[in-house]
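Now for the letters of each chain:
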Amino acid sequence: NLFVAMVTSRFEEMTLGKAMEGSRTIQIQNVISAIDNVILGKGIGSGGGEARRIGLVGATDANYIKMLYEQGLFGLSIFILIGVITLFKGFKNIRYLFVETMAVFGILFSMLGADPLTYFFYILPFWYCMGRIWNKNYLLTLKMNNIHV
């Protein structure tokens, strides 16, 4: 009974408002206000956790905001375009590419409030799955051998 109450209480606390209160909101506000080159950005690595550790403006969460600061609208737009096309390809062939599509979708979604592409245990599977989705020979092999979910 106590365990169920503790779990229920924890889920009630897991709201967007709770997640974004405090230092996360301040980080995002500081990064957005510090953007001086909205088109090309400040440069990769200039707005992440390492930048914050040495006292510069940066965000340890909200990967899309960090990408906007570092790569500008140009780089962020290219990344989003690649992500959208990848998801379209994945969902079009979801029967064969379910695992890859869900991995890419999950990481892209988590980038709203986290910075998963900083960690190798996310970035490696992310780009691997992206490559699998774009690989026509891989998809053809799956279809020819009737390997699907």
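First, a word on scope: everything that follows refers to the structure included in this document. Within each chain, residues carry numbers counting from 1 in the order of the written sequence. Residue-level local features of this predicted model are given only where pLDDT is at least 70; pairs of side-chain atoms are given and counted only at 80 or more, and the full residue set underlies all totals for whole chains, interfaces and linings. To get the side-chain values, all heavy atoms of the structure are used, and hydrogens and water are removed first.

**Some details on helix H8 (residues 136–144)**
Point 1. Among the residues of H8, Tyr-138, Leu-139 and Leu-142 are the ones counted as buried. Buried positions in H8, seen along its axis, are confined to an arc of 95° and lie on one side of it. In H8, those exposed residues whose orientation departs by more than 90 degrees from the buried face are Lys-136, Asn-137 and Met-144.
Point 2. For H8, the secondary structure elements touched by its buried residues are helix H6 (94–110) and helix H7 (120–134).
Point 3. In the analysis that follows, any N or O atom pair within 3.5 Å is treated as a polar contact, provided that within protein one partner can donate a hydrogen and the other can accept it, and provided that, for residues neighboring in sequence, both atoms belong to side chains. Helix numbers and strand numbers start at the N terminus; a helix is a DSSP run of H or I with at least 4 residues, a strand a run of E with at least 2. Capping of H8 at its N-terminal end is provided by Asn-135; its side-chain oxygen lies 2.9 Å from the backbone amide nitrogen of Asn-137.
Point 4. Trailing H8 by a residue or two, Asn-146 shows a phi angle of about 55°, which is positive. Only protein chains enter the accessibility calculation, which uses a 1.4 Å probe; a residue whose area is less than 20% of its type maximum is buried, one above 50% is exposed, and one in between is partly exposed. Summarising the geometry, the arc corresponds to the directions from the helix axis toward the C-beta atoms. Contact criterion: two residues are considered in contact whenever any of their non-hydrogen atoms come within 4.5 Å of each other.

**Structural notes on the packing of aromatic side chains**
The relative placement of two aromatic rings is captured by the distance of their centres and the angle of their planes.
Point 1. For this analysis, a ring pair means two rings from Phe, Tyr or Trp (six-membered ring only for Trp) whose centres lie within 6.5 Å, classed as stacked if their planes differ by under 30 degrees, edge-to-face if by over 60, and tilted for the remaining angles. Considering all chains together, one arrives at eight aromatic pairs under this definition.
Point 2. Ring geometry for Phe-79 versus Trp-127: centroids 6.4 Å apart, planes at 75°, classification edge-to-face. You can see Phe-79 sitting in helix H5 (residues 63–92) and its partner Trp-127 sitting in helix H7, a full 48 residues away along the chain.
Point 3. With a centroid separation of 5.0 Å and 55° between ring planes, the pair formed by Phe-121 and Tyr-122 is classed as tilted.
Point 4. Among the aromatic residues, those joined into a ring-pair cluster are Tyr-119, Phe-120, Phe-121 and Tyr-122.
Point 5. In this scheme, the term charge over a ring applies when either NZ of a lysine or CZ of an arginine sits within 6 Å of the ring centre and within 35 degrees of the ring normal. Across from the ring centre of Trp-134, 4.5 Å away, lies the NZ or CZ of Lys-89, which sits over that ring.
Point 6. Seen from the ring of Tyr-138, Arg-132 lies directly overhead, with NZ or CZ sitting 4.0 Å from the centre.

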